[in-house]
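# Examination of the molecular architecture
The lines below spell out each chain.
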Amino acid sequence: MKLVFATHNEYKLTEVKKILDPDVELLSLNDIACFDEIPETSSTLEGNASLKARYVYEKFGYNCFADDTGLEVEALNMEPGVFSARYAGEDKSAEANMQKLLLEMSKIKNRKARFRTVISLIINGEESFFEGIVNGSILEHKQGDMGFGYDPIFEPEGYSQSFAEMNMAEKNIISHRGRAMALLVEFLKKY
Ligand code: IMP
C-alpha cells in the first residue's frame, strides 16, 4: 500500500518510518512534488490534521495521513496548544518558542504539560482519527540536543531526561506521535 505522510519535516518522517510496517510504501510531500504551504486555519488539532490530509487526498489523489500536535501547559490554560508552532511568531522558530515559554513559566510552580497529537487518515475517501498523549512537565532550562521543536524543555512523566536527551527509538515508544501512530498501525492491519 502507498501512503503519503503530509509533512515536510524530515525528522518526523524518519520517526514514522520506524513505526510503520515495511509493507507500507511511505511517501512524503516532497516525494509527490507537493511544495504547497497547506493552510492550517482550524482552531483545533483535529481540524488542522484533517485539512492537511484532505488537501493531499483531494489534490493529489493519494491515500494519506497528516498529524497536528500541540503542547498543552496546564498553568497556561492548555496553551500554546494548537498555536504551538507559531507561539513566538510566524517564522515558527523552535528556539524563540522555547524562550517565550520559559519566560512565561519563569514564576510558575505548576510545570505540568502534555503533548497531544491528532492524526487524520484518509483511505479511499474515508477519514479516521487517532490521538496520542504524553504527560510530562516543562523544564526550567533546555536539556539535550536531539529531536526538534520543544523537545529540550519537555520531560515525560516517569523519566529524568528531556525528549531531546532520548534517541528516536526511546522517544517513539512513549511520545504523543508514537502513541497515535501505534493506533494507526493497528487500524491499517484491516487493509
Ligand atoms: P506540528 O503540528 O507538528 O506542526 O507541531 C506543532 C508544534 O509542536 C511545532 O512547534 C512543533 O515543533 C512542536 N512539536 C510537534 N511535535 C513535537 C515533538 O515531538 N517534540 C517537540 N515539539 C514538537
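Structure: see above.
In this report, we go over the structure that sits alongside the text. (Residues numbered from 1 in each chain as written. Predicted model: local features only at pLDDT ≥ 70, side-chain atom pairs only at ≥ 80, totals over all residues. Heavy atoms only, no water.)

## A few points about the overall build of the protein chain
Stated formally: Put simply, DSSP H or I for four residues or longer makes a helix, DSSP E for two residues or longer makes a strand, and each gets a number counted from the N terminus. Here the globule rule reads 2.2 Å times residues to the power 0.38, and the radius of gyration is calculated from C-alpha atoms.
When its secondary structure is counted, the protein chain shows 5 helices and 7 strands. When the helices and strands of the protein chain are placed in sequence order, the string is β-α-β-α-β-β-α-β-β-β-α-α. Expected size for 191 residues packed as a compact globule is a radius of gyration near 16 Å; at 16 Å, the protein chain falls within 12% of this value. Its C-alpha atoms give the protein chain principal-axis dimensions of about 50 × 30 × 25 Å.

## Topic: unusual backbone geometry
Outside of glycine, negative phi angles account for most residues, and trans bonds account for most peptide bonds. To keep it simple, the criterion reads: To sort residues, take the accessible area from a 1.4 Å probe on protein chains only and compare it with the maximum for the residue type: under 20% means buried, over 50% means exposed, and anything in between is partly exposed.
Pro80 follows Glu79 through a cis peptide bond whose omega is 0°. Its location among the elements puts Pro80 in strand E4 (residues 79–81). Positive phi outside glycine occurs at Met78, with the angle close to 70°. When you line up the elements, Met78 lands in the loop between strand E3 (64–73) and E4. On the basis of relative accessibility, which here comes to 36%, the residue Met78 falls in the partly exposed class. Positioned with a positive phi, Lys92 is a non-glycine residue whose angle comes to about 55°. With respect to the secondary-structure elements, Lys92 resides in the loop between E4 and helix H3 (94–104).

## A closer look at the environment of Ser84
Our working rule: Contact criterion: two residues are considered in contact whenever any of their non-hydrogen atoms come within 4.5 Å of each other.
Counting through the fold element by element, Ser84 comes out in the loop between E4 and H3. A relative accessible area of 5% places Ser84 in the buried class. In this view, Ser84 contacts Thr69, Gly70, Leu71, Asn97 and Tyr150; residues no more than four positions away in its chain are not counted.

## Description of the pattern of salt bridges
Which entries qualify depends on this criterion: We count a salt bridge whenever a side-chain nitrogen from Lys or Arg sits within 4 Å of a carboxyl oxygen from Asp or Glu.
Taken as a whole, this structure holds 17 salt bridges when the rule is applied. A salt bridge links Lys59 to Asp36, with the shortest nitrogen-to-oxygen separation between them at 2.7 Å. Taken together, the residues Lys59 in helix H2 (residues 45–60) and Asp36 in the loop between strand E2 (25–28) and H2 connect sequence positions 23 residues apart. Note on Lys59: relative accessible area 52%, which makes it exposed. Using a relative accessible area of 24% as the deciding quantity, one classes Asp36 as partly exposed. In this structure, Glu186 engages Lys189 in a salt bridge whose closest nitrogen and oxygen atoms are separated by 3.1 Å. Judged by its relative accessible area of 59%, Lys189 is exposed. Connected through salt bridges with shared partners, the residues Lys12, Glu15, Asp67, Asp151, Lys171 and Arg177 form a single ionic network.

## Some words on the site of the ligand
Quick note on the threshold: Residues are classed as near a molecule or strand on a simple rule: at least one heavy atom within 4 Å of it. A 3.5 Å cut-off defines polar contacts: any pair of N or O atoms within that distance qualifies, except that in protein one atom must be a possible hydrogen donor and the other a possible acceptor, and neighbouring residues in sequence count only when both atoms are side-chain atoms. Areas reported here follow the Shrake-Rupley algorithm with a probe of radius 1.4 Å; residue values treat only the protein chains shown as occluding.
Near the ligand you find 13 residues, and of these Lys12, Asp68, Asp151, Lys171 and Arg177 are the closest. Lys12 is positioned such that a nitrogen or oxygen atom in its side chain is 2.4 Å from an oxygen atom of the ligand. Lys171 places a side-chain nitrogen or oxygen 2.7 Å from an oxygen atom of the ligand. In isolation the ligand offers 470 Å² of accessible surface; the protein chains occlude 88% of this area. Contributing elements (two or more residues each) for the shell around the ligand: E3 and helix H5 (176–188).

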